[in-house]
Amino acid sequence: MDKEFYNLAVKLMENIKRIEPSLTSSHDAELCVLLTDQQHIYAGIAGVKISAGQLMRACPEFNAIMAMIPEKESRVLKLITVSFAKKEVSQPCKGCLNLLLRVNPENRDTKIYVAANRCASAYSLIPEEERASFDDVISLGVRAVPEMHESEEEKQETKTPDPIPAPPKPEIPDPKTVVKHETPQPELRS
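Structure report, in brief. (Residues numbered from 1 in each chain as written. Predicted model: local features only at pLDDT ≥ 70, side-chain atom pairs only at ≥ 80, totals over all residues. Heavy atoms only, no water.)

## What to know about the nonpolar core
Condition: Buried residues of nine kinds, namely Ala, Val, Leu, Ile, Met, Phe, Trp, Tyr and Cys, make up a nonpolar core once their side-chain atoms join them within 4.5 Å. A simple rule labels every residue: compare its accessible area, found with a 1.4 Å probe on the protein chains alone, to the largest value its type can have, and call it buried under 20%, exposed over 50%, or partly exposed in between. Put simply, DSSP H or I for four residues or longer makes a helix, DSSP E for two residues or longer makes a strand, and each gets a number counted from the N terminus. Any two residues whose heavy atoms approach within 4.5 Å are treated as being in contact.
Core analysis: the biggest nonpolar cluster contains 19 residues, and Leu34, Ile65, Met68 and Ile112 have the highest contact counts within it. For this core, the secondary structure elements donating two or more residues are strand 1 (30-36), helix 2 (60-68), strand 5 (76-83), helix 3 (94-103) and strand 7 (111-115). For this core, the element with the highest residue contribution is helix 3, accounting for 5 residues. Apart from residues lying up to four places away in sequence, Leu34 is in contact with Phe5, His40, Ile41, Tyr42, Ala64, Ile65, Met68, Val76, Lys78 and Leu79. Among the nonpolar cores identified, the runner-up in size contains 17 residues, and Val10, Met13, Phe84 and Ala116 belong to it.

Listed below in structure tokens is the structure:
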């Protein structure tokens, strides 16, 4: 396996360091870069998220995967995680592997870098004693992100909605034609 994808991740890291050094100053700051089957690249930086009212660390893999989902992509071909401090490659945690497989069961074959020039399949990184629970996820074959395909008919039927009409302007009477009505005065009795 060549180091081209690793070099791409390092180049992205250098750009991020230059633009926003505070994101990379932590000793455990990492960058995850993934390549989808649509040849798009998504990146995630280790960060903080709020879960159940508590601050928790969000893995860079989690952030990269969550970045591709709104773009209706789910199939990951390659994934690499590199530390900002030492530019060392690290592997995703079990939670991120689980998320990767839940997003698309075909991601069991995702090439995950375990070194700058060495990969392993996502499935092979799951410890054997834990594979049974992951096999359930994979065997269901259910995508967390459904594939979005529009037929040609749907594309043609899609049109912009009609604009909302402006509310009618209130009619202002012409002062020359306004008829004054006299209001009757109440009778005063003594």
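Let us keep going from here.
## What about the pairing of strand 8 (residues 118-121)?
In plain terms, the rule: At least two DSSP bridges between two strands are required for those strands to pair.
The pairing of strand 7 with strand 8 spans 4 bridges and is antiparallel. Among the inter-strand pairings, Ile112 is bridged to a residue of strand 8, identified as Ala120. Between the antiparallel neighbours strand 7 and strand 8 lie 2 residues.

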